[in-house]
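Observations on the three-dimensional arrangement
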Amino acid sequence: MNRALLMRLGAFLAMVVVIGAIFGVLSSQFLSQNNIAAIFRHMSAEGIAGLGLTFVIVVRRFDLSFPGIAAFGAMTTGQLIALGYPLFPSIAGGIAVGIVCGVINGLAISVLKLPDIVTTIAMGSIAYGLSFIYSNGATISDNFMESGILDINDQTIAYLDEPIFFMLVLYLLAWLVLHRSRFGRGFYATGENPRAAMFSGVHVRLYVIAAFILTSATAVWAGILHCAEAGQADPSAGDGFLTPAFASVYLGAALFGYASVPATFAGTLLISMMLNGFTLLSVPYYYSDAIISVVLISAIAVFDPRFAAALQRIVKTRSLAGAPK
Amino acid sequence: MSDTILQPAAPLGVGRGLRQFLVRYSLAGIFIIVVLAFSILRPDFTRAENINEILISASISGIMFLGLTWVLAAGEIDISFMEVAALSDMIVAGLVNAGWGWPLAACAGLAAGVAVGLLNGFLVGYMRLPALITTLATGSFARSIAAVIGLGSSVEVADTGIAGRFLNLHFGFLPAVAVLTVLLYAAAWFVQEKLVFGHYLYAMEQNRNAVVEAGIPARRLTVLVYLMSAICAAIAGILLTASLASGQPRIGVSFFIDGLTAVLLGGMVIKLGQPNVLGTLLAVLLLAVLVSGTALIGWSDWERDILKGALLLIGVIIVVKGRAAPATAQMGGAH
């Protein structure tokens, strides 16, 4: 392990300790076993959307559609359960909807060469609209008790809450794919220089499509876990995913130098700790957006290598402008 | 700001060809067809009250998206504009209820817009931070503050004051706010087409480095377009307070997709594939007519969400393909 990585790891652990200490002092419950479990539960549900987004950021694209797609996928799962389908086909159906949306995003952006931001905004609006199609927007909770979807939230595997278990599995898989496989290197190559990647035999379009599929699929999974926790599916399943997911990826990338699976894990942990801490202190929910956006801006600004250069430039321009002619 | 950008400019070359002509005027054609279709389907569509309502809502949206047009024309993105409108809406509502007069409260709403606009411009123009992430964060921040003002809920305003009287003012059948919007757009059109400023905007979109090399103050221009976008949004927010007789912290959501759809669909008009103010104005009118007409024939909000998303996709496809066409034609000519 090289020195730079140790420093970055140290900075991350220091942030965990500082945030833990601040909230630990302000609230006696923060460091309790139950609350630490609650932090990981938050990471494993809402926080999991950041894991898929990592792939899109690695290929240097943006995706703003995943909250809408999460709602559509989660409502699809809810509807399938209400229609009496067993749990696994229902979840698979929801995730399949997410995959289809991801494929459309990916094709539109990599093959039709449409701009990513606007295309995904449009896709998000369409997917969000479609989440109303089953019930006209009403919550769906028929068969939820019998189907076993609530058990995903309540049961444990290997001494771990199921959502946390699945989160660890997903992170492990994502880590293996992105960092320990030949296939995964292609994502970074696509992001760094698509032309060079193409001439090196990397199927650039495929990687862009794969990244959008992964984002949509994990977002739907996050939406389904949200429904499992709430005991019902409703079109607000993806609300509030957007800013925290971007903040997790960028905070992680800022800490570790570039976007990666471990970096997103670190970013999500910090974001979840903060959101949980403020909830414990009964800070109203509407402050959380402000806190996360300040974290996001600070992350991209302070850790940006150009930050120092930009500051220097500003100082230089000022002194030049002020200099007597 | 340097004086050179306010000098008159030579007209930009305009492409010719039947295909371009068709694309360029297709939106106007669609607009006329849609208006005729709704007038036939629902006779109450053409009632004076309904037209008045369409004009007022189109005016408020139009003012909100005017600045956004230039942000997109300069090749940047702003997804904080609708939250700036929500923030300004809540600030005005909160302060009017706290006993401030309408003019003072409106100034405070405007000041919030100036603050967010300068922040966006500084972060994107000077720090060169990614525009999407920056405005995502500043937008979330503005939304959060808007919610804090009402402690999470909306704020009723009993007296809509001078802004309310302005919204009710009519010149003949035309609402005064529509006249104001048209004047603002005419002024913006003049600045965009006849002054060097407009050329710089489109030049920045083409090649920012070249613009910097040519000695154009690109950073200050970036700050200016973000500032304009936020100020326009804040003015729209003030009008929203009066129009809704309340402050709505979550009002931003409904303008997000509309704003981008209007600007990009508007990019089809006149300047092929380039956002421009006349195009935005026409697209805003089209959206307002669609919203009103589909409501009359009984569509719900989610059906309109799908329609707007589809329109945005169509707009973006036409813009991208429309711009690609002349380039391929040139390449074909070279061979």
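Our structure is the block above this text.
A brief report on the enclosed structure follows. Per chain, residue numbering runs from 1 following the sequence as it is written. Lettering of chains starts at A and numbering of ligands starts at 1, both following the order in which they are written. At least 70 in pLDDT is required for a residue's local features to be given in this predicted model, at least 80 for side-chain atom pairs to be given and counted, and no such filter applies to totals for whole chains, interfaces and linings, which use all residues. To get the side-chain values, take all heavy atoms of the structure and skip hydrogens and water.

Let us look at the overall build of chain B. Helix and strand counts for chain B come out as 13 helices and four strands. For each residue, the accessible area found with a 1.4 Å probe, counting protein chains only, is set against the maximum for its type, and the residue is called buried under 20%, exposed over 50%, and partly exposed in between. When each of the 335 residues of chain B is scored for burial, the buried share is 53%. Whether two residues touch is decided by their heavy atoms; if any such pair falls within 4.5 Å, the residues are in contact. Pairs at least 24 apart in sequence give 78% of the contacts found in chain B among residues at least 6 apart. Only the protein chains shown count as cover for residues, with accessible areas throughout obtained via the Shrake-Rupley method and a probe of 1.4 Å. Counting every atom, chain B has about 14000 Å² of accessible surface; 69% of that belongs to carbon and sulfur. Helix numbering and strand numbering both begin at the N terminus, where a helix is a DSSP run of H or I of at least 4 residues and a strand a DSSP run of E of at least 2.

In terms of helices and strands, chain A carries 16 helices and two strands. Put simply, the radius of gyration uses C-alpha atoms, and a globule should come to 2.2 Å times the residue count raised to 0.38. Whereas a compact globule of 325 residues would reach a radius of gyration of roughly 20 Å, chain A reaches 21 Å, a difference of no more than 12%. Dimensions of chain A along its principal axes, counting C-alpha atoms only, are 80 × 55 × 40 Å. Evaluated residue by residue, chain A yields a buried proportion of 52% over its 325 residues. Long-range pairs, those at least 24 residues apart, make up 76% of the contacts in chain A between residues at least 6 apart in sequence. Surface accessibility of chain A: about 14800 Å² in total, with carbon and sulfur atoms responsible for 66%. Charge assignment: positive for Lys and Arg, negative for Asp and Glu; neither His nor the chain ends contribute. Here the site of a charge means NZ on Lys, CZ on Arg, CG on Asp, or CD on Glu. The centroid of the 16 positive side-chain charges in chain A is displaced by 28 Å from the centroid of its 15 negative side-chain charges.

This paragraph deals with the environment of I149(B). By the element assignment, I149(B) lies in helix α5 (residues 131–149). I149(B) has contacts with L87(B), M90(B), I91(B) and G94(B), leaving out every residue within four places of it along the chain.

What follows covers the packing of aromatic side chains. Centre distance and the angle of the planes are the two values used to describe a pair of aromatic rings. All names here are of chain A. Here a Phe, Tyr or Trp ring, Trp counted by its six-membered ring, pairs with any other such ring whose centre lies within 6.5 Å, and the pair is stacked when the planes are under 30 degrees apart, edge-to-face when over 60, and tilted otherwise. With the rule as written, the count across this model stands at 22 aromatic pairs over all chains. Between F66 and F246, the ring centres sit 6.2 Å apart and the planes meet at 40°, which makes this aromatic pair tilted. One end of the pair, F66, is in helix α4 (residues 66–82); the other, F246, is in helix α13 (residues 242–256), with 180 residues separating them in the sequence. The pair F66 / F246 is uniform in exposure class, with both members buried. Centre to centre, the rings of Y188 and Y258 are 5.9 Å apart; their planes meet at 80°, and the pair counts as edge-to-face. Here the residue Y188 occupies a position in helix α10 (residues 182–192), and Y258 occupies one in the loop between α13 and α14 (261–280), the gap between them amounting to 70 residues.

The partner chain B presents 40 residues to the 42 residues of chain A that form the contact. By convention, the term buried area covers the 1.4 Å-probe accessible surface removed from two parts as they join, with the contributions of both added. Both faces considered, chain A and chain B share a buried interface measuring about 3500 Å² in area, 77% of it formed by carbon and sulfur atoms. Of all residues in chain A, V118(A), I121(A) and Y286(A) bury the most surface against chain B, accounting for 16% of the area lost on that side. Of the charged contacts in the structure, one is a salt bridge between R143(B) and D289(A), with a shortest N-O distance of 2.9 Å. In protein, a polar contact requires one atom able to donate a hydrogen and another able to accept it; more generally it is a pair of N or O atoms within 3.5 Å, and residues adjacent in sequence count only if both atoms are side-chain atoms. At the boundary of chain A and chain B, one finds nine residue pairs in polar contact (both at pLDDT 80 or more). Of all the elements in the fold, those that place two or more residues in the side of chain A that touches chain B are α6 (116–130), α13, α15 (288–302) and α16 (305–322) of chain A. Here, a salt bridge means any Lys or Arg side-chain nitrogen found within 4 Å of an Asp or Glu carboxyl oxygen.

As a further point, take the state of the cysteines. When two cysteine sulfur atoms are found within 2.5 Å, that pair is recorded as a disulfide. In total, this model carries zero disulfides over all chains according to the counting rule given. No disulfide involves C101(A); its sulfur sits 15 Å from that of C227(A), the nearest cysteine. Among the cysteines around C107(B), which has no disulfide bond, C232(B) carries the closest sulfur, lying 16 Å off.

This part covers the packing of helix α4 (residues 102–126) of chain B against helix α10 (residues 218–244) of chain B. Residues and elements named next belong to chain B. Structural elements are reduced to axes, namely lines fitted to C-alpha atoms, with helices fitted over the stretch in contact, and the angle between N-to-C directions of any two is expressed from 0 to 180 degrees. Viewed as axis vectors pointing N to C, α4 and α10 meet at an angle of 150°, and their least axial separation amounts to 7 Å. Regarding the angle of α4 to α10, the classification is roughly antiparallel. Crossing geometry of α4 relative to α10 is assigned as right-handed. In this count, Pro and Cys sit with the nonpolar residues alongside Ala, Val, Leu, Ile, Met, Phe, Trp and Tyr, while Asp, Glu, Lys and Arg are called charged and the others, Gly among them, polar. Of the residues belonging to the contact of α4 with α10, the class tally is 17 nonpolar, eight polar and two charged. By definition in this entry, angles of less than 35 degrees are roughly parallel, angles greater than 145 are roughly antiparallel, angles of 65 to 115 are roughly perpendicular, and the rest are oblique. It is the rotation of the near helix from the far one that decides the hand of a crossing: anticlockwise by less than a right angle makes it left-handed, clockwise makes it right-handed.

As a further point, take the pattern of salt bridges. All names here are of chain B. Per the stated rule, a full pass over the model turns up nine salt bridges over all chains. For R128, the salt bridge goes to E76, with nearest N and O atoms at 3.8 Å. Separated by 52 residues along the polypeptide, R128 in the loop between α4 and α5 and E76 in the loop between α2 (48–73) and α3 (81–97) bring together distant segments of the chain. Looking at E76, the relative accessible area reads 14%, which means it is buried. Residue E83 pairs with R143 through a salt bridge whose shortest N-O separation is 3.1 Å.

With 18 residues, helix α9 (residues 162–179) of chain A should reach 26 Å at 1.5 Å per residue; the first-to-last C-alpha distance of 25 Å fits that figure. Among all positions of α9(A), only E162(A), P163(A), I164(A), M167(A), Y171(A), A174(A), L178(A) and H179(A) are buried. Under the convention used throughout, the expected extent of a helix is 1.5 Å for every residue step, that is, one less than its residue count.

Among all positions of α10(A), only G184(A), G186(A), F187(A), Y188(A), T190(A) and G191(A) are buried. Each element contacted by the buried residues of α10(A) is listed here: α3 (49–58), α9, α11 (194–199) and α12 (204–230) of chain A.

Residues and elements named next belong to chain A. Checked against the element boundaries, T264 lands in helix α14. Judged by relative accessible area, which is 0%, T264 ranks as buried. Here T54 takes part through its side chain, which lies 2.7 Å from a polar atom of the side chain of T264. Filtering out sequence-adjacent residues up to four positions away, T264 remains in contact with G50, L51, T54, Y171, S248 and V249.

Another point: a nonpolar patch on the surface. Residues and elements named next belong to chain A. For patch building, the residue pool is restricted to those with more than 30% relative accessible area and no salt bridge; the joining distance is 9 Å between like charges and 5 Å between nonpolar side chains (Val, Leu, Ile, Met, Phe, Trp, Tyr). Taken together, V169, L172, L173 and L176 make up a surface patch of nonpolar side chains, about 330 Å² in accessible area. Within the secondary structure layout, V169 lies in helix α9. Relative accessible area serves as the criterion here: at 33%, V169 is assigned to the partly exposed category.

That's the geometry; what it means functionally is another story.
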